[in-house]
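# Overview (structure and organization)
What follows is the residue order along each chain.
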Amino acid sequence: MKTIPIQSIKPHFVSDDTLPIIENIENQSSNQYLNKIYQKMDVKTRNNISIESGYFILTMMPSLKCSLNCPHCYLTKEQRRSNDILSLLQLDIALNKIKAYYNKKEIKEKIILVYWYGGEPTEMGIDYFKDSIERINQTLHKEEGYIIKHTILTSLIGVDKSWFDFFKTYCDGHFQTSFDGLMRGKGYLKKWQEKVIEAKSEGLSIGAISVINYELLKLGAKETLTYLSSLGIEECSFLPFMLNEQNKDKSYGKYARGMQAWSQFMIEATEYYFHQKLNHQFIPEIGQLSFIVSQNSKKGLSNIAGQTLFLLPNGDFVLPDYKNGYEEYMRVFGNILKESFEDILSGKERMSFLKKQILRNHNIDCNQCDYAHQCVMEFWKENIPGDDCFGGKSYIEWLLNFQRDNNNNSDFKKIFNQLTQSILY
């Protein structure tokens, strides 16, 4: 166990009496739970990650219910207040169809990462979660070649201690939570921080997902990472603030600051990350940093969303797509309650979507870009004229130059070699 000293800089919104001093946190950066799975894959699977090859990121959204009104949310208020839920019987139908598909494909080893999103997934109740996860684990059983990992993304605000025990039992003692600075207000942040401290006191591992917004940019990347470090958060990812039908009239203009601001934030974050690493200080692993560096060692089209599907309460399999340039919406590929899994995967809508990803939305600048294989575009869309691209080209160029300039330094090289083996994103 390694004692982690509290950082000398703290965010301006954290008072001395609430700043946690987290000690005796084990540094797990070299053996993060997702990377353990990645190391088990053969070379072919690492370079050709897709549902069809046996690597499936199943994003479960069996309920969209959420009592919050976050500015970046892509769900309507009606969806967030709905009590509709994917029943356990319907879940069984979906699981058996997925299993039938892999039986037919005769793939020996199937790796399925189950991400529980929403809405706020914990609002479905702990009993539903236990029953659902046990059904998944039993239907897609390890004796039949399935490796299953469950991760829950929660706001944490309504989570009590019973959920902490649940995370230990069903999620390898790990969960993800949203952190967006003061975007939701000081009262929300205070409650969130208290819950994080409580979770860490229970020995849980935490990853944070942040949408880069005006409030986080005001705070700054260095102070953001200092704050997350002080809470003992092991992993973090930083996503752009996307336009959607719910926020385009007000919140998008108020909080979004574009991709150039995102890239500058990431450059500052990465500089601080390496500073702390070289000084043997604890700092969270950064998902986008790990992804870009690890893509150097991969071939093929591993960043075209070929391994991912979202499952909605009505049985629809969907993914984010874009209209009117870069306005986000959910594109439906088919309904697992009415169709076979194979028909959904090979259907017209998914094939059209994957073609769009492979052709990079016909973006001239993307198709001519040397970094298209490494970029963080995630789901391909039109870039904003005059801004950095949604792939974060400015950051990628800076990062690769930074790596080249420091490649003769053994300490830097060791860190980059560790990142090469990572799939944190």
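Residues numbered from 1 in each chain as written. Predicted model: local features only at pLDDT ≥ 70, side-chain atom pairs only at ≥ 80, totals over all residues. Heavy atoms only, no water.

### A look at the layout of surface pockets
Over the atoms a probe the size of a water molecule is rolled, and this reveals where empty space is left. This is how it is decided: Buriedness for pockets is judged along seven lines, at least five of which must meet protein on both sides within 12 Å for an open set on the 1 Å grid over protein atoms alone, while cavities are sets there where a 1.4 Å probe fits but cannot get out, and lining residues have an atom within 4 Å of a point. Grid points are joined across faces, edges and corners, and a volume is the space filled by probe spheres set on the points. Every helix listed is a DSSP run of H or I at least four residues long, and every strand listed is a run of E at least two residues long, numbered separately from the N terminus. Note on residue classes: Ala, Val, Leu, Ile, Met, Phe, Trp, Tyr, Cys and Pro are nonpolar, Asp, Glu, Lys and Arg are charged, and everything else, Gly too, is polar.
The computed volume of the largest pocket comes to approximately 440 Å³. If you go around the largest pocket, you meet 21 residues; those closest to its centre are Leu 64, Leu 75, Gln 79, Leu 312 and Met 330. Per-element tally for the lining of the largest pocket: the top contributor is strand S11 (residues 327–335), with 4 residues. A breakdown of the residues in the lining of the largest pocket according to their chemical character gives 10 nonpolar, 6 polar and 5 charged.

### With respect to helix H9 (residues 221–230)
What counts is decided by this rule: Exposure categories follow from relative accessible area, calculated using a 1.4 Å probe and restricted to protein chains: below 20% of the type maximum is buried, above 50% is exposed, and the middle band is partly exposed. By definition, residues are in contact when any of their heavy atoms lie within 4.5 Å.
Judged by how many residues are buried, H9 sits mostly within the fold: 9 of 10 residues are covered. Along H9, the residues that are buried comprise Ala 221, Glu 223, Thr 224, Leu 225, Thr 226, Tyr 227, Leu 228, Ser 229 and Ser 230. Elements in contact with the buried residues of H9: helix H7 (186–201), strand S5 (205–212), helix H8 (214–219), strand S6 (235–240), helix H11 (258–278) and strand S8 (285–286). Phi for Gly 232, located one or two positions after H9, is positive at around 80 degrees.

### What to know about the sheet that holds S11
Inclusion rule: Paired strands, in this sense, are two strands between which DSSP finds at least two bridges. Only the stretch in contact is used when fitting a helix axis, every axis being a line fitted to C-alpha atoms; angles between N-to-C directions are given from 0 to 180 degrees.
The strand order S7-S11-S10-S9-S1-S2-S3-S4-S5-S6-S8 describes an open sheet built from 11 strands, whose pairing is mixed. If you trace the sheet from one side to the other, it starts and ends with strand S7 (243–244) and S8, each paired once. As paired strands, strand S1 (residues 55–60) and strand S2 (residues 110–116) are joined by 6 bridges and run parallel to one another. Bridging from a neighbouring strand, Leu 58 pairs with Val 114 of S2. Along the sheet, helix H4 (residues 88–105) contacts S1, S2, strand S3 (146–154) and strand S9 (308–311); its crossing angle with S1, the most-contacted strand, is approximately 170 degrees. Helix H6 (residues 161–170) rests against S3 and strand S4 (174–178) of the sheet, and its axis sits at about 160 degrees to S3.

### Comments concerning the nonpolar core
Under the convention used in this document: Put simply, buried Ala, Val, Leu, Ile, Met, Phe, Trp, Tyr and Cys residues joined by side-chain atoms within 4.5 Å make one nonpolar core.
Counting 129 residues, the largest nonpolar core has Phe 56, Phe 166, Trp 192 and Phe 341 as its most contacted members. With 9 residues, H11 is the single largest residue contributor to this core. Once residues lying within four places of it in the same chain are set aside, the contact partners of Phe 166 are Ile 126, Phe 129, Lys 130, Ile 133, Ile 152 and Cys 171.

### Re empty space enclosed by the protein
Using the criterion set out here, one finds 5 cavities of 30 Å³ or more in the structure. In this structure, the second largest cavity occupies an estimated 90 Å³ of space. Lining of the second largest cavity is provided by 13 residues; of these, Pro 240, Phe 241, Arg 257, Gly 258 and Met 259 occupy positions nearest its centre. Broken down by element, the lining of the second largest cavity gets its largest block of residues, 4 residues, from H11. Of the residues that constitute the lining of the second largest cavity, the class distribution is 11 nonpolar, 1 polar and 1 charged.

### Describing the confidence of the model for the protein chain
We count it as follows: The predictor attaches a confidence to each residue, and that confidence, scored 0 to 100, is pLDDT.
Confidence in the prediction for the protein chain averages 87 pLDDT; 86% of positions are at 70 or higher. Under a pLDDT of 50 for its full length, residues 1–34 has, in the predicted model, 71 contacts with residues more than four places off or in other chains.

### Observations concerning helix H5 (residues 126–139)
Inclusion rule: By definition here, a helix of n residues has an expected span of 1.5 Å times n minus one.
The first and last C-alpha atoms of H5 sit 20 Å apart over 14 residues, in line with the 20 Å expected at 1.5 Å per residue. Within H5, the full set of buried residues consists of Ile 126, Tyr 128, Phe 129, Ser 132, Ile 133, Ile 136 and Thr 139. Against the buried residues of H5 lie H4, S2, S3 and H6.

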